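The chain contents come next:
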Amino acid sequence: MALIKVDETKCDQDGACVRACPAGILTQQASGLPAVVRGMAQFCIACGHCTAVCPHGALDNVRAPLSTQTPLERFPVLDPETALTFLRSRRSIRCYKPEPVPRELMEKLLQAARYAPSGHNSQGLSFLVVEKPEHMKGVKERVARWMKALVDSGSELAHKFHMPGILRAYEQGQDRILRDAPHLIVVTAAKDHAPARVTTFLALEYVELYATSLGLGTCWAGYVNTCAQMTPDLAAFLGIPDDHVITGTMMVGYPDEIYHRLPERNPLDLRWLE
Ligand SMILES: Cc1cc2nc3c(=O)[nH]c(=O)nc-3n(C[C@H](O)[C@H](O)[C@H](O)COP(=O)(O)O)c2cc1C
């Protein structure tokens, strides 16, 4: 089947689809109509740009069908102040209400991750939600065990990341590993998925930014991430298939804290190349 189909009655031959194609596989023929360069169809990354950019809906692509795209009259653009305030008001949440997040809401949150950018539009991430308190406890126990082994071995990493204090708190029943969050999102990808870690970080950042609109709070679970990278224990406990690796983890739940100010950051370190 041909990769693209052009409705000649709708195409105004403006070349927008050709310019938008990131893989450079489209060309404008002498007739003005777009076509796939011979032998290049295999390089389509299914990003849907060729279809989405056409104002007339004249182009269809079997790998990114027009029928699956959402038409928008006008793309909403936040004014710069609202946009910056939105970005700045995202907070890492470390106090959670104990009540669980319903599956429907969790799934709605995770749907946002699908729209994050990914290298070559490769996507390819899988999501696992740790739902039950006993499983959250199991994760925590394994992270604490890993931390203890690092501390006992005199590891520099353990001290750099305050692990002795975290372990002391853990032994006293204070959770600085998962902050008593009711759930953990675990992202995995195939071992041979080269851009998986960056893709995961972007996908989870979409989740983090979208969470507030759903009344949810999140926090990157860095200790869990590092533990998962350094030991196979966590992946085994979570039943991650052998051909997959954990690429990112994020706590999630209903926030039990409200912020009243926007913290400041370091000044921008900027240089212009003259
Ligand atoms: C990769 C990464 C890992 C993180 N891991 C943890 C963590 O394990 N526990 C935690 O409480 N916060 C963690 N954080 C949150 C940072 O401490 C937080 O982003 C930073 O202090 C700034 O605060 P803000 O996110 O509220 O702006 C992590 C953040 C990132 C980006």
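Rules used in this analysis
- Residues take numbers from 1 onward in each chain, read along the sequence in its written order.
- Per-residue local features of the predicted model are confined to residues with pLDDT of at least 70, and side-chain atom pairs are confined, for both listing and counting, to 80 or more; whole-chain, interface and lining totals are unaffected and use all residues.
- Note that water and hydrogens are dropped before the side-chain values are worked out from all heavy atoms of the structure.
- UniProt positions are given in the numbering used here, feature names are shortened, and annotations may be inferred rather than shown by experiment.
- The numbering of helices and of strands both runs from the N terminus, where a helix is a DSSP run of H or I of at least 4 residues and a strand a run of E of at least 2.
- In this description the radius of gyration comes from C-alpha coordinates, and the expected globular size is given by 2.2 Å times residues to the power 0.38.
- We call a residue buried when its accessible area falls under 20% of the maximum for its residue type, exposed when it is over 50%, and partly exposed in between, using a 1.4 Å probe and counting protein chains only.
- In what follows, residue pairs with any heavy atoms lying within 4.5 Å of each other are defined as contacts.
- Per-residue and other accessible areas were derived by the Shrake-Rupley procedure at a 1.4 Å probe size, with only the shown protein chains allowed to occlude residues.
- In summary, the charge assignment counts Lys and Arg as positive and Asp and Glu as negative, without counting His or the chain termini.
- Throughout, a charge is located at the NZ atom of Lys, the CZ atom of Arg, the CG atom of Asp or the CD atom of Glu.
- Residue proximity to a molecule or strand is established when one non-hydrogen atom of the residue lies within 4 Å of it.
- Distance and chemistry together define a polar contact, namely a pair of N or O atoms within 3.5 Å, with one atom able to donate a hydrogen and the other to accept it when in protein, and with adjacent residues in sequence counting only for side-chain atoms on both sides.
- Patch members must show over 30% relative accessible area and no salt bridge, and they are joined within 9 Å when carrying like charges or within 5 Å when they are nonpolar side chains of Val, Leu, Ile, Met, Phe, Trp or Tyr.
- Salt bridges are defined by distance alone: a side-chain nitrogen of Lys or Arg within 4 Å of a carboxyl oxygen of Asp or Glu.
- Domains are outlined according to an automatic or database domain assignment.
- When DSSP finds at least two bridges between two strands, those strands are taken to pair.
- A fitted line through C-alpha atoms represents every axis, and for helices the fit uses only the stretch in contact; the resulting angles, taken between N-to-C directions, go from 0 to 180 degrees.
- What we call a nonpolar core is a set of buried Ala, Val, Leu, Ile, Met, Phe, Trp, Tyr and Cys residues that are connected through their side-chain atoms within 4.5 Å.
- The arc under discussion is defined with respect to the helix axis, by the directions toward the C-beta atoms.

Going by what an unreviewed UniProt entry lists, the protein is known as Nitroreductase and is assigned to Desulfacinum hydrothermale DSM 13146. Entered under Sequence similarities (unreviewed entry) in the UniProt record, the comment concerning the protein runs "Belongs to the nitroreductase family."

Peer 1: Hey, could you run me through the overall build of the protein in this one?
Peer 2: Within the protein one finds 10 helices and eight strands. Its C-alpha atoms give the protein a radius of gyration of 23 Å, more than 25% over the compact-globule value 19 Å for 274 residues. By residue count, 37% of the 274 residues in the protein fall in the buried class. Considering only residue pairs separated by 6 or more positions, the protein has 74% of its internal contacts joining residues 24 or more positions apart. Looking at the protein as shown, the accessible area adds up to about 17,200 Å², and 55% of this sits on carbon and sulfur atoms. Both charge centroids of the protein, one from 29 positive and one from 30 negative side chains, sit 3 Å from each other.

Peer 1: Got a minute to help me understand unusual backbone geometry in this structure?
Peer 2: Of all residues except glycine, most have a negative phi; of all peptide bonds, most are trans. Although it is not a glycine, alanine 46 sits at a positive phi angle of roughly 60 degrees. Examined against the element boundaries, alanine 46 turns out to sit in the loop between β3 (34-36) and α2 (49-53). When its relative accessible area of 21% is taken as the criterion, alanine 46 is described as partly exposed.

Peer 1: Looking at this model, I keep getting lost on the site of the ligand. Mind explaining?
Peer 2: The immediate surroundings of the ligand are formed by 13 residues, with Arg91, Ser92, Arg94, Trp220 and Gly222 found nearest. Between the ligand and arginine 90 there is a distance of 2.9 Å, counted from an oxygen atom to a side-chain nitrogen or oxygen. Between arginine 265 and the ligand, the recorded distance is 3.0 Å, taken from a side-chain N or O atom to an oxygen atom. Here the ligand has 620 Å² of accessible area as a free molecule, and 66% of this is covered by the chains.

Peer 1: In this structure, what is going on with a nonpolar patch on the surface? I would like to understand it.
Peer 2: A contiguous nonpolar surface patch, about 380 Å² in accessible area, is contributed by Leu78, Leu84, Phe86 and Leu87. Here phenylalanine 86 shows up in helix α3 (residues 80-89).

Peer 1: Quick question: what am I supposed to make of the domain arrangement of the protein here?
Peer 2: Where interface size is quoted, it is often the accessible area lost as the parts come together. You can read the domains of the protein as domain 1 (4-68) and domain 2 (83-253). Taken over C-alpha atoms, the centre of domain 1 sits 39 Å from the centre of domain 2.

Peer 1: I'm lost on the side chain of serine 118 in this one. Help?
Peer 2: Counting through the fold element by element, serine 118 comes out in the loop between α4 (103-111) and β5 (125-130). Polar contacts involving the side chain of serine 118 include one to the main-chain amide nitrogen of serine 122, which spans 3.1 Å.

Peer 1: Help me understand the sheet that holds strand β7 (residues 217-220), please; the structure alone is not making it clear to me.
Peer 2: One key point about sheets: their strands pair by backbone hydrogen bonds, in either a parallel or an antiparallel sense. Pairing is antiparallel across the open sheet formed by four strands, whose spatial order is β5-β6-β8-β7. Two strands lie at the open edges of the sheet, namely β5 and β7, each paired on one side alone. Between one strand and the next, the sheet's axes are offset by a mean angle of 30 degrees, whatever the strand orientation. Each of β5, β6 (183-190), β7 and β8 (244-253) touches helix α8 (residues 196-211); the most contacted strand, β8, lies at about 15 degrees to it.

Peer 1: Honestly, the nonpolar core in this entry has me stumped. Any pointers?
Peer 2: In a soluble, globular protein the nonpolar side chains are often hidden away together inside. Grouped together as the largest cluster of nonpolar side chains are 31 residues, with contacts concentrated most on Val143, Met147, Leu178, Leu184 and Val224. Contributing elements (two or more residues each) for this core: α5 (133-152), α7 (163-171), β6, α9 (222-230), α10 (233-237) and β8. One finds Leu110, Ile185, Ala211 and Leu214 within the second-largest nonpolar core, a separate group that totals 21 residues.

Peer 1: Help me understand α4 in this model?
Peer 2: Among all positions in α4, only Leu105, Met106, Leu109 and Leu110 are buried. Considered in projection along α4, the buried side chains sweep an arc of 135 degrees and stay on one side of the axis. For α4, the exposed residues set more than 90 degrees away from the buried face come down to Arg103 and Glu104.

Peer 1: Which parts of the structure should I look at to understand the side chain of arginine 90?
Peer 2: With respect to the helices, strands and loops of the structure, arginine 90 is situated in the loop between α3 and α4. Overall, arginine 90 belongs to the buried group, its relative accessible area being 16%. Excluding residues within four positions of it along the chain, arginine 90 makes contact with Glu205, Glu208, Leu209 and Arg265.

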